[in-house]
Amino acid sequence: MHLIRRFTARIAAGYRKMSIQMVISLSFTAVAVAGILLMGLSLFLRFSSTSQQMAAESSQRVLAQVNLNLDSYLRRMMRISDAVYYSIIKNVDLSEGSLAPAMNLLYEENRDDLVSIAAFDSRGNLVASVPLSSLKEDSRTKGSPWFQAAMGNMENLHFSTPHVQNLFDDPDTPYRWVVSLSRHVQLTKDGNTENGVLLVDMSFAGIEQVCQDVELSGGGYLYVIDGDGELIYHPGQQLIYAGLLEENNLAAASYPDGSRTEEFQNQRRQVTVKTVGYTGWKLIGVVPRQDSDIPELFLFGLSLLLFFIFLMAFLNFRISAYISDPIRRLEQSIKELENGRENVEIEEAGCYEVQRLSHAVRSMVSTMRHLMEDIIEQEGQKRRSELEVLQSQINPHFLYNTLDSVIWMTESGRQDEAIRMVTSLARLFRIALSKGNSMIPLSDELEHARHYMTIQQIRYKNKFETKITAQPDTEGLYTLKLIVQPILENAIYHGMASAEDEGLISVTAYRDGDDLLIDVADNGLGMRPEVAASLLDENRPAVHTSGSGIGVRNVHQRIRLTFGPAYGLTIFSEPDEGTLVRIRLPALSQEEASRYQQEGPS
């Protein structure tokens, strides 16, 4: 330990006596050697895995294209199913007409992709079918998996695995491979509705055609499975069914999307997974993995390492001279100033820091003036920050509540409502972002309000109605963004949440001279005038709960900070008479709004 301390002390003493050029040279050399070693190791590891990464990326691109083609094919089948249900079944009363003629026209338009279209009642009895119309004697419609899936989960479309068509007598082709698309439908008879099932058998040849010509690098191949691992398509499907070939499809069903390495039958192979939307099917790309030529990569990395060591040594000498020479000259100039010499010429050269230091000595007064201008600018930034803070305080729990509702609806099987809510939420946040602009068109602000109310109506199970209108003379006007939604939120929590009768919330935008007015009215419980006035009181303690009024107060403050005390909110309310919140803004054109956006609040 004593020797180590003496050695350390000598190094420290030598360091204090070194010139700056020597310190920079030694430091750069040490850092360069360490960096080059790390770079060499990184390159070696990088090149050793390049082939696997390229294979994975190639497989992912191929699977993405197959997924696109397969998704397009399945979407076409879904559109056919929708057309049968919404354009035919819903428009025909079975006591007065038949579904077959219209179904036959639709079949003829898509006969290359379809095998049959059929409708059944809840007891499994055939209602209509084209072009096949004769059920086999041993067919068990009601016990079929596709029938039970449709009746058991009425909200979804159900795709089966490939199977031989065994429901109808087909004299032309008795053994046709199909994939069945089934769904729950409502049949109309004598004006009454009853449950039923729509079955669309699509030809498996369409799916096979999408997948069979796929080529993966390194002799790889593609197969398709459902969510349980059952094979839908495999290039060696007949061999697998005959027991002559095995596939790791059951394990692949649990793999997430992406690429991974697996060991199957003593062979390492790279597996790429891509999930097909709507069906839960998975595209599995398999590429046999081959180890890289490690010695060759090592020699390549070593040559790169030596080259970079030489290059860094040369650059080290040049950079240390470039940095140290201007500093020595600046030191000499400062010594001359200390000795009282006037008119010392300070050279502004070298790196950025040295130039700024030299400039500071010569430009003290100018620097102070610049500092004062910076202070003024900072005050403007502070004022704009206040607006951003007020905006960020509005409705902090809305996103969490909406996502919780989406999760609940998804778990409850209400996918359509969940999709509507997520779509409205995405459009709502797109408008809220507005590319960072604080001033947006009035139409965008009202559209933001519509999406917000769509989400709330789903959450509150349509307990209230919403009416949003704008007078023609408001077209082309601009407004401060996110000022209507907090008012609507307050209307829901104060006026609608506890109301027993069906509520109505209306938003009306119109002009009043040079001003733009936006009225948000509800027919809810209302409140006493003194309570309504307290909502805008800046000295009122903030209560961060749903419907506490903090959003309304923040909107009022944002408008006044931006446009002045002549603008803001006015609240009219009486108990049991509902509430009206009037937003008053200047009627701004696009040019005037841009000026407010650039200059900030006055």
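Preceding block: the structure.
What this report covers is the structure whose coordinates are included nearby. Sequence order as written defines residue numbering, which begins from 1 separately in each chain. Where local features are concerned, this predicted model is filtered to residues with pLDDT of at least 70; where side-chain atom pairs are given and counted, the filter is 80 or more; whole-chain, interface and lining totals use all residues. Side-chain numbers come from the whole structure's heavy atoms, not from hydrogens or water.

What follows is about the overall build of the protein chain. Going along the chain from the N terminus, every DSSP run of H or I of four or more residues is numbered as a helix, and every run of E of two or more is numbered as a strand. Within the protein chain, the regular secondary structure consists of 18 helices and 18 strands. Exposure is judged per residue with a 1.4 Å probe applied to protein chains only, and the accessible area is read against the type maximum: over 50% gives exposed, under 20% gives buried, and values in between give partly exposed. Relative to its full complement of 602 residues, the protein chain shows a buried share of 40%. Residue pairs at least 24 apart in sequence account for 64% of intrachain contacts in the protein chain once pairs closer than 6 positions are excluded. Computed with a 1.4 Å probe, the accessible areas rest on the Shrake-Rupley method; for each residue, only the protein chains presented here act as cover. Total accessible area on the protein chain is roughly 34300 Å²; 53% of this is exposed by carbon and sulfur atoms. Every residue pair with non-hydrogen atoms within 4.5 Å of one another is taken to be in contact.

The pairing of strand S13 (residues 464-470) with strand S15 (residues 503-512) spans seven bridges and is parallel. Following the sheet pairing, Ile468 is matched in S15 by Val507. Pairing between strands is defined by DSSP: at least two bridges between them are needed. Counting the residues that bridge the hairpin from S15 to strand S16 (residues 515-522) gives two residues, and of these Gly513 lies at a positive phi of roughly 70°.

Moving on, we come to empty space enclosed by the protein. In this analysis the probe radius is 1.4 Å and the grid spacing 1 Å, with only protein atoms considered; a cavity is a set of points the probe fits into but cannot get out of, a pocket is an open set with protein on both sides within 12 Å along at least five of seven lines, and lining residues have an atom within 4 Å of a point. Grid points are joined across faces, edges and corners, and a volume is the space filled by probe spheres set on the points. Applying the stated criterion to the full structure yields one cavity of 30 Å³ or more. Considering only enclosed or pocket space, the largest cavity measures out at about 110 Å³ in volume. Contributing elements (two or more residues each) for the lining of the largest cavity: helix H15 (485-496), S16 and strand S18 (578-586). Broken down by element, the residue count for the lining of the largest cavity peaks at five residues, all from H15.

The next point concerns the side chain of Glu262. The topology assignment puts Glu262 in strand S9 (residues 258-264). A distance of 2.7 Å separates the side chain of Glu262 from the side chain of Tyr255, its partner in a polar contact. Other than its neighbours up to four places away in sequence, Glu262 contacts Asn248, Tyr255, Gln267, Arg268, Arg269 and Val271. Throughout this description, a polar contact denotes any pair of N or O atoms lying within 3.5 Å of each other; where both atoms belong to protein, one of them has to be capable of donating a hydrogen while the other can accept it, and for residues adjacent in sequence the pair is counted only when both atoms sit in side chains.

Whenever a carboxyl oxygen of Asp or Glu lies within 4 Å of a side-chain nitrogen of Lys or Arg, that contact is scored as a salt bridge. Scanning the model with the defined rule gives 13 salt bridges in all. Notably, a salt bridge pairs Arg75 with Asp71, separated by 2.7 Å at the nearest N-O pair. Of this pair, Arg75 and Asp71 both sit in helix H3 (residues 50-88), four residues apart, roughly one helical turn. Its relative accessible area of 37% is what places Arg75 among the partly exposed residues.

So, about unusual backbone geometry. Among all residues except glycine, the phi angle is most often negative; among peptide bonds, the trans geometry is most common. The omega angle of the peptide bond from Val130 to Pro131 is -10°, so this bond is cis rather than trans. As for its position among the elements, Pro131 is in the loop between strand S2 (126-130) and helix H5 (145-152). Within the chain, Asp190 stands out as a residue other than glycine whose phi angle is a positive 55°. The residue Asp190 is located in the loop between strand S5 (177-189) and strand S6 (192-203) in this model. Using a relative accessible area of 56% as the deciding quantity, one classes Asp190 as exposed.

Okay, the nonpolar core next. In this text, buried Ala, Val, Leu, Ile, Met, Phe, Trp, Tyr and Cys residues form a nonpolar core when linked through side-chain atoms within 4.5 Å. Among the nonpolar cores identified, the biggest contains 50 residues, and Val484, Leu488, Ile505, Ile518, Ile559, Leu569 and Ile583 are the most heavily contacted of them. Non-local contacts of Ile518, meaning those with residues more than four positions away in its chain, are made with Leu442, Ile483, Val484, Val507, Thr508, Ala509, Val581, Arg582, Ile583 and Leu585. Core analysis: the next-biggest nonpolar cluster, separate from the first, contains 44 residues, Ile117, Ala119, Val200 and Val214 among them.

The five strands lie next to each other as S8-S7-S11-S10-S9, forming an open sheet whose pairing is antiparallel. For this open sheet the edge positions go to strand S8 (231-233) and S9, each flanked by a neighbour on one side alone. Across this sheet, the average inter-strand angle for adjacent strands is 35°, counted without regard to direction. In this sheet, strand S11 (residues 282-288) lies alongside strand S10 (residues 267-275) in antiparallel orientation, the contact comprising seven bridges. Its bridge partner lying in S11, Val273 is registered against Ile284. The strands touched by helix H6 (residues 204-212) are strand S7 (221-225) and S8; relative to S8, the strand with the most contacts, the crossing angle is about 75°. Here an angle of 0 to 180 degrees is reported between the N-to-C directions of two axes, which are lines fitted to C-alpha atoms, with helices fitted over the stretch in contact.

With that settled, consider the packing of helix H13 (residues 415-433) against helix H14 (residues 442-459). It is the contact of H13 with H14, at a shortest axis distance of 9 Å, that shows an interaxial angle of 150°. Between H13 and H14, the angle is such that the two are roughly antiparallel. Both H13 and H14 take part in a crossing whose hand is left-handed. The residues of H14 that touch H13, namely those facing Glu417, Arg420, Met421, Ser424, Leu425, Arg427, Leu428, Ile431 and Ala432, are Asp444, Glu447, His448, His451, Tyr452, Thr454, Ile455, Ile458 and Arg459. Of the residues belonging to the contact of H13 with H14, the class tally is eight nonpolar, four polar and six charged. Under this scheme an angle from 65 to 115 degrees is roughly perpendicular, one under 35 degrees roughly parallel, and one over 145 degrees roughly antiparallel; angles in between are oblique. Left-handed describes a crossing whose near helix is turned anticlockwise from the far helix through less than a right angle; right-handed describes the clockwise counterpart. Amino acids are sorted into nonpolar (Ala, Val, Leu, Ile, Met, Phe, Trp, Tyr, Cys and Pro), charged (Asp, Glu, Lys and Arg) and polar (every other residue, Gly among them).

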